[in-house]
Amino acid sequence: MDCLYCGDCCLRMSPKSAPDPCPDIIQDGSYYFCGCYATRPRECVNHEFQARYCPIGFEKTGCRNPQNVALRIDTGWEKIQIRTEQEKRNNV
Ligand code: SF4
Ligand code: SF4
């Protein structure tokens, strides 16, 4: 499943703090990221929907145009890779 980085699952269903927002979520403009992506809990790693794209992300972002969806997914993925590299360097 592709994530649109709307943050809704982490803000509402965190295994760490439900029903409160996860203390590790990071907002970057309209994108939300995990602040501990490389070491996030198993529940977060295994979080899935039975759909190609996350239906909550569609609803929360209002992103419908396929090109905008693809751009958002690609941009979010690039950002989270940069954050993960920083996280790994900080943990060395
Ligand atoms: S640990 Fe990361 S992925 Fe899990 S709820 Fe918190 S911010 Fe989201
Ligand atoms: S798009 Fe879906 S999986 Fe991604 S942050 Fe939003 S609710 Fe969570």
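Above this text is the structure in question.
Here is what the cut-offs are and how they apply
Residues numbered from 1 in each chain as written. Chains lettered and ligands numbered in written order. Predicted model: local features only at pLDDT ≥ 70, side-chain atom pairs only at ≥ 80, totals over all residues. Helix = DSSP H or I, 4+ residues; strand = E, 2+ residues; numbered from the N terminus. Rg over C-alpha atoms; globule rule 2.2 N^0.38 Å. Buried ≥ 20, exposed ≤ 12 C-beta atoms within 10 Å, placed from the backbone. Near = placed C-beta within 6 Å. Nonpolar A, V, L, I, M, F, W, Y, C, P; charged D, E, K, R; others polar. Core = buried A, V, L, I, M, F, W, Y, C linked by C-beta atoms within 7 Å. Contact = placed C-beta atoms within 7 Å.

Asker: Got a minute to help me understand the overall build of the protein in this structure?
Answerer: When you go through the protein residue by residue, the secondary structure sums to four helices and two strands. Counting from the amino terminus, helix and strand elements in the protein follow one another as α-β-β-α-α-α. At 13 Å, the protein has a C-alpha radius of gyration in line with the 12 Å of a compact globule built from 92 residues. Put simply, the protein has 92 residues, and 17% of those count as buried.

Asker: What is the right way to look at the site of ligand 1 in this model?
Answerer: Neighbouring residues of ligand 1: C10, S14, K16, C22, D24, I25, C34, C36, R40, P41 and C44. Looking at the shell around ligand 1 residue by residue, the classes come out as seven nonpolar, one polar and three charged.

Asker: Quick question: what am I supposed to make of the site of ligand 2 here?
Answerer: Neighbouring residues of ligand 2: C3, L4, Y5, C6, G7, D8, C9, Y32, C54, I56 and G57. Put simply, the parts of the chain that give the shell around ligand 2 at least two residues each are helix 1 (8-12) and helix 3 (55-61). Among the residues forming the shell around ligand 2, the class breakdown is eight nonpolar, two polar and one charged.

Asker: Sorry, what's going on with the nonpolar core here?
Answerer: Side chains that are nonpolar tend, in soluble globular proteins, to be buried together. If you look at the biggest cluster of nonpolar residues, it comprises 11 residues: C3, L4, Y5, C6, C10, C22, Y32, F33, C34, C54 and C63. Per element, the largest residue contribution to this core is three residues, and it comes from strand 2 (residues 31-34). What C54 contacts, discounting residues up to four positions off in sequence, is M1, D2, C3, L4 and F49.

Asker: What should I look at first to understand unusual backbone geometry in this one?
Answerer: Residues other than glycine predominantly adopt negative phi, and peptide bonds predominantly adopt the trans conformation. Each neighbour pair has its own omega, and for A18 with P19 the value is 10°, a cis peptide bond. Within the secondary structure, P19 is located in the loop between helix 1 and strand 1 (25-28). One non-glycine residue with positive phi stands out, namely Y5, at about 60°. Following the sequence through the fold, Y5 ends up in the segment before helix 1.

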